[in-house]
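Take a look at the letters that make up each chain.
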Amino acid sequence: MENDAIRTESIVKEFGEVRALNDVTIGIKRGELFFLLGGSGCGKTTLLRCIAGLEKPTSGSVFFDGEDVTDLPTHKREAAMVFQSYALWPHMTVGQNIAFGLEERKVPKREIEARVHEVLEMVKLIGYEDRAIDQMSGGQQQRVSLARALVVRPKCLLLDEPLSNLDAQLRLEMRSEIRRIVKENDLTGVYVTHDQAEALSMADRMAVMDNGHVEQIGTPQEIYRNPATSYVAAFIGETNLLKGTVVGIKGMLVTVDTDAGEFEGRVTAKNWSPKTGERAIVSVRPEAIRVEKTGGDSQGHILETTYLGDVIQYRVETVHGVVVNASQLNPRVLLRPGERGFTLDVRSEDVVVLRD
């Protein structure tokens, strides 16, 4: 694609007999914050290292702005990488760490000083240039790592699980900071994480990976609302996956008979047209299931209630003996474990029908 800042074409990467990447093609637009998301061993970091030039693909190509850079060394790709470990020099000050890449490039001293000041302002660390690295908190060290990457004025910023060593509150703060820095500086960002909340809250688009291949590419909303496979549905957020058989097709809606009863829902996989009698999987998000107190006949009983303030989570065993998870936002009535006398309801637009 002409407007792709980064593109991988049919990337295969093998380590001995292990195929870490299997025919991966991804296009990342200019100015986009793009996430590579998946569980451990899915190939996301290997793909990022191929983009960075730290690994050479066994086959396939990497393009930056339409130019084939597969054989170019890392420093000639106009990309900078931020690592999980920060990779800062402990014997250098903050300013010296940031200036290091410019000194290696023989940039004049006065320009180095100006650019170091510029990026310190960008990451909100003005006044810390003479501070020792071991005097900085984890969040501050991550900002220094970002500044060191930004000071060389890259076109692309590559981030490998940059927040995984920070505590929960710092992770939240740094999410918005990283997104702000990428957008304000018109960078193309490629960000590796296994944290789905991080991806959903930060990404313009994402690729969900499994076993070395891409399961689905889309915006956070597309991936969450319209998962293409049961793996994507289960990995992004929480869901109830119920196996069954297609018993009816009416326009765009498909009815599936499961052990928890019949569900009518949407097909989201573009390459699948289910047929009556075919096996299928129903995906229903917990928040899509409405639990209504009736006082009369019950569709099951409450196994477990988890109170989270604004949200109540229920584990429910239905009258069919199937356990499902449901969550309610600001419920007026709290149901207790063992309680009956309620109904479960879900709208067809909130039900996704997937290939088994």
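These numbers were taken from a predicted model, which means no experiment stands behind them.

Lay out the sheet that holds strand β2 (residues 18–29) in plain terms, naming residues and giving numbers.
As a general point, the strands of a sheet are linked pairwise by backbone hydrogen bonds and lie either parallel or antiparallel. Strands sit in the order β2-β1-β4-β5 across an open sheet of four strands; the sheet is antiparallel. Two strands lie at the open edges of the sheet, namely β2 and β5 (67–68), each paired on one side alone. Pairing geometry for strand β1 (residues 4–15) and β2, over eight bridges, is antiparallel. Bridge pairing links I6 to I28 in β2. The sheet contacts of helix α1 (residues 44–52) involve β1, β2 and β4 (59–64), and relative to β2 the element is tilted by about 60°.

For the pattern of salt bridges, give the residues involved together with the corresponding values.
Working definition: two side chains of opposite charge can pair if their charged atoms are close together. Summed over the entire model, instances satisfying the criterion amount to 25 salt bridges. Among the salt bridges present, the one from E339 reaches K293, with a minimum N-O distance of 2.4 Å. Taken together, the residues E339 in the loop between β18 (323–329) and β19 (342–345) and K293 in strand β15 (residues 290–293) connect sequence positions 46 residues apart. Taking relative accessible area as the criterion, K293 reaches 41% and is therefore assigned partly exposed. One salt-bridge network, held together by shared partners, links K124, R143, E177, R180 and E184.

Report on the environment of I112, specifying residues and quantitative values.
Note on placement: I112 falls in helix α3 (residues 109–122). Put simply, I112 and K56 are 56 residues apart on the chain and 32 Å apart in space, counted from C-alpha to C-alpha. If we skip the residues at most four places from it in the chain, I112 touches A99, L102, E103 and V107.

Now, about the packing of helix α4 (residues 138–150) against helix α5 (residues 168–184): what can you tell me, with residues and values included?
Running from N to C, α4 and α5 cross one another at 15°; their axes reach a closest spacing of 11 Å. Judged by the inter-axis angle, α4 sits roughly parallel to α5. When the axes of α4 and α5 are compared, the crossing they make is right-handed. Between α4 and α5, the residues in contact are G139, Q142, R143, L146 and L150 and L170, M174, E177, I178 and I181, respectively.

Give me the lowdown on unusual backbone geometry, citing residues and values where you can.
Located in the positive-phi region is D23, a residue other than glycine, with phi close to 60°. Structurally, D23 is set in strand β2. Of note, K106 is a non-glycine position whose phi angle comes to about 60°, a positive value. Checked against the element boundaries, K106 lands in the loop between α2 (94–104) and α3. Among the residues examined, K106 registers a relative accessible area of 72% and is labelled exposed.

So, the packing of α2 against α4: which residues are in play, and what are the values?
The interhelical angle for the contact between α2 and α4, taken along N-to-C directions, is 30°, at an axis separation of 7 Å. Between α2 and α4, the angle is such that the two are roughly parallel. Remark: the crossing between α2 and α4 carries right-handed chirality. Residue-level contacts link V94, N97 and I98 of α2 to V144, A147 and R148 of α4. Taken together, the residues of the contact of α2 with α4 break down into four nonpolar, one polar and one charged.

Calculation notes
Residues numbered from 1 in each chain as written. Predicted model: local features only at pLDDT ≥ 70, side-chain atom pairs only at ≥ 80, totals over all residues. Heavy atoms only, no water. Pairing = 2+ DSSP bridges. Helix = DSSP H or I, 4+ residues; strand = E, 2+ residues; numbered from the N terminus. Contact = heavy atoms within 4.5 Å. Axes fitted to C-alpha atoms, helices over the stretch in contact; angles between N-to-C directions. Salt bridge = Lys/Arg side-chain N within 4 Å of Asp/Glu carboxyl O. Buried < 20%, exposed > 50% of the residue type's maximum accessible area, 1.4 Å probe, protein only. Parallel < 35°, antiparallel > 145°, perpendicular 65-115°, else oblique. Left-handed = near helix turned anticlockwise from the far one by under 90°. Nonpolar A, V, L, I, M, F, W, Y, C, P; charged D, E, K, R; others polar.

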